[in-house]
Amino acid sequence: MSEIADFALLVLLVAGALVLAILSTRVADRLPVPAPVLFLVAAAVASDLWPDLGSALSMRTVERIAVVALVVILLNGGLDIGWSRLRTSVGPVLSIGVIGTFVTCGIVAVAAHVLLGLSWTLAGIVGAALAPTDPAVVFSVLGRREIAGRSGTVLEGEAGVNDPAGIALMLGMIEVATHHDASVLVILREFALAMGLGLAFGWVASNALIPGLRRLRLSSEGLHPVLVLLLALVLYAVTSLVDGSGFLAVFVMGLLLADASVPYKPQIERFSGALASLAEIVVFIALGLTIELSAIPATTWLHGVLLALVLAAVARPLTVALTLTPFALSRPELGFLTWSGLKGAVPILLAAFATLSGVTGAESVYALVFVVVLVSVTIQGGLVPRVARALGIGMRERAAMPWQLSVPLEAEPGDLLELTVPRRSPAHGRPLSALGLGAGEWISTVIRDGRSLQPVPELELRAGDRVYLHADPARHATLEDRIAHSG
């Protein structure tokens, strides 16, 4: 019975802690700091008060937890964005997500060497760790907020792209740090190989998996979301085994799956979103448990704050200016993207990679990166909404919609077209009777602000309305131009 009681106590502690963490997100909504910083700090404080908590998880275990969590978060991030949405901003996303990773790494490395006196090897490790933004923090800060213009898409896309880029860059830096005969060319070769294989595997696997998912019918509909998650993990593993970026492959899978028509897609999206929220909580708690706040020297706190200032005031503005200026983004959008380059779990995970790989001095880098992340998430993350308002960037909170109306169908409704009316659509302000629908074409419902409206002929459409229209698939492109095109 003692074994049952011991395990029951463990279950109580873990489940109770996660329940409190989930409920604390409601508190975080009312505080000027993102929820992830609460999890990170609370876990770090707990590991100081109860040292056994920190020793219960090895660095290797935490690293593996973070990897799985990141796979879940990137899959959900791809599903939320979708290729059709990302395609309109793919140029700036790739520019800041890939080129910007190297620019940020270089600036931070120089600052770490000159200001902190680190060797070039350790400075490069610090630069690689702090180069990527963090999808868990970015998606958490944005939450249900919709950002007008392209800046929101660029920010979310960057978080999805430059994490795989940052991981590939860090692996190259570790190779240089641990092998005396390695050169900078190794970094470039490893980076190009990892990103190229990640993109290729993600594209090929997704185009093979999606047709299979369309035909597959399992005995329980609840197994379909689980299958998609397991396929994402398989894709990550297979891509990583051939030295590709498994994270990029999973992100690409999410992007392509978002635009695909597959059975049980709403269930897949809900399951992925719920798991991503849980993964965010778990990864920040696990990473927090690896830190002893009382053991961090005062000089490390000072150096961390100094590097955070360099990131916010020098590295990020220069990176945004060099990578995004050619893409005709407005000054307010550039300013918003400059402020919103948030750090989070991924930089700490990258520092863990260096520590586990035996890089000399990496233990001190781990604590330094933690301090930078803490400053970034607390100060920058907490001020994102205020900065958006100050710059005139449209940001509105989407209403929570806990109720959903769904109709189960045996066959795919090929005639159904779901459209969202953009701000500059020619249909904005016009009644349904003016849409010029032909014979056999009809609107089943219009969703506005979370409420279903009766599609009477005199109902005027507004920006943000979702229109569910039935028509011959051959007419879908024409109706999309008429309703969903932004002029």
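In this text the structure is predicted, and so the values were computed from the model without any measurement.

(A) Layout of helix H4 (residues 59-81). For H4, built from 23 residues, the straight-helix expectation of 33 Å at 1.5 Å per residue is met to within 8% by its first-to-last C-alpha distance of 32 Å. A positive backbone phi angle near 80° is found at Gly82, which sits one or two residues after H4.

(B) A look at the pattern of salt bridges. This model, assessed by the stated rule, comprises six salt bridges. A salt bridge links Glu63 to Arg60; the nearest nitrogen and oxygen atoms lie 3.6 Å apart. Here Glu63 pairs with Arg60, and both are found in helix H4, just three residues apart, close to one helical turn. For Glu63, a relative accessible area of 13% translates into the label buried. A salt bridge links Arg189 to Glu190; its shortest N-O distance comes to 3.6 Å.

(C) Quick peek at the nonpolar core. Core analysis: the biggest nonpolar cluster contains 123 residues, and Val126, Leu307 and Phe370 have the highest contact counts within it. Ranked by the residues each element gives to this core, the list is headed by helix H17 (residues 362-391), at 14 residues. Counting residues in each nonpolar core, the second largest holds 15 residues, with Leu417, Val421, Leu469 and Leu479 among its members.

(D) Highlighting the packing of helix H15 (residues 331-339) against H17. For the pair H15 and H17, interaxial distance at closest approach is 9 Å and the crossing angle is 170°. In terms of their interaxial angle, H15 and H17 are classed as roughly antiparallel. In this structure, H15 uses Pro332, Gly335, Phe336 and Trp339 to contact H17, whose residues at the interface are Ile379, Gln380, Leu383, Val384, Val387, Ala388 and Leu391. Broken down by class, the residue content of the contact of H15 with H17 amounts to nine nonpolar, two polar and no charged.

Definitions and limits used
- Residues numbered from 1 in each chain as written.
- Predicted model: local features only at pLDDT ≥ 70, side-chain atom pairs only at ≥ 80, totals over all residues.
- Heavy atoms only, no water.
- Helix = DSSP H or I, 4+ residues; strand = E, 2+ residues; numbered from the N terminus.
- Expected span 1.5 Å × (residues − 1).
- Salt bridge = Lys/Arg side-chain N within 4 Å of Asp/Glu carboxyl O.
- Buried < 20%, exposed > 50% of the residue type's maximum accessible area, 1.4 Å probe, protein only.
- Core = buried A, V, L, I, M, F, W, Y, C linked by side-chain atoms within 4.5 Å.
- Axes fitted to C-alpha atoms, helices over the stretch in contact; angles between N-to-C directions.
- Parallel < 35°, antiparallel > 145°, perpendicular 65-115°, else oblique.
- Contact = heavy atoms within 4.5 Å.
- Nonpolar A, V, L, I, M, F, W, Y, C, P; charged D, E, K, R; others polar.

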